[in-house]
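These are the residues of each chain, in order.
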Amino acid sequence: HRFLLEGHTIETIWTILPAFTLIFIALPSLKLIYLIDEIRNPLITLKTIGHQWYWTYEYSDFKNLEFDSYMIPSSDINNFNFRLLEVDNRTVLPYLSHVRLITSSADVIHSWTIPSSGVKIDASPGRLNQISFTLNRTGIFYGQWSEICG
């Protein structure tokens, strides 16, 4: 009977010490996650709505500035265009500026992504998701589907 209670103190210590360590790490992390999600004073807001084979873009800060962006068919691609990446209407975003992106979907779940700038967000029907980012270099950034939509 006495043998079962001999290591009681050390077991209490090595159970409570890791618990306090996890709490010590978790509290600042939760605060940081909350602060990352806060978007303060973006220069421009872009609203994207995913459809089955195209995206609708709306610059929310400007009145009636909305357009659809369709992928160019492979038969119409020039030699200097990228197959399955080129669209008929490109979205223009400012360089070194805080951008807020709001996404939604009209039909199924879509995944809006620009891999070269590290931006990826899901667009769900009936729900608004938001993300903020800053383009730290100029150029043409191609968006693409990164998951099977549906």
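Residues numbered from 1 in each chain as written. Predicted model: local features only at pLDDT ≥ 70, side-chain atom pairs only at ≥ 80, totals over all residues. Heavy atoms only, no water.

Under an unreviewed UniProt entry, the name given to the protein is Cytochrome c oxidase subunit 2, and the organism recorded is Coccinella septempunctata. Looking at the Catalytic activity (unreviewed entry) heading of the UniProt record, one finds this comment for the protein: "4 Fe(II)-[cytochrome c] + O2 + 8 H(+)(in) = 4 Fe(III)-[cytochrome c] + 2 H2O + 4 H(+)(out)". Among the UniProt annotations of the protein, the heading Sequence similarities (unreviewed entry) holds the following wording: "Belongs to the cytochrome c oxidase subunit 2 family." (UniProt positions renumbered as here; feature names shortened; annotations may be inferred.)

Undergrad: Can you lay out the pattern of salt bridges for me, pointing to particular residues and giving the numbers?
TA: Counted under the stated rule, the structure contains one salt bridge. For R90, the salt bridge identified is with E86, shortest N-O distance 2.5 Å. E86 gets classed as buried once you look at its relative accessible area, which sits at 4%. (Salt bridge = Lys/Arg side-chain N within 4 Å of Asp/Glu carboxyl O. Buried < 20%, exposed > 50% of the residue type's maximum accessible area, 1.4 Å probe, protein only.)

Undergrad: Got a sec to walk through the pairing of strand β4 (residues 98-105)? Specific residues and values, please.
TA: The buried count for β4 comes to six of eight residues, which makes it a mostly enclosed element. Examined bridge by bridge, strand β1 (residues 44-50) and β4 share seven bridges and lie parallel to one another. Across the sheet, residue T45 finds its bridge partner in β4, namely R100. Bridging between β4 and strand β7 (residues 129-134) involves six bridges; their strand directions are antiparallel. (Helix = DSSP H or I, 4+ residues; strand = E, 2+ residues; numbered from the N terminus. Pairing = 2+ DSSP bridges.)

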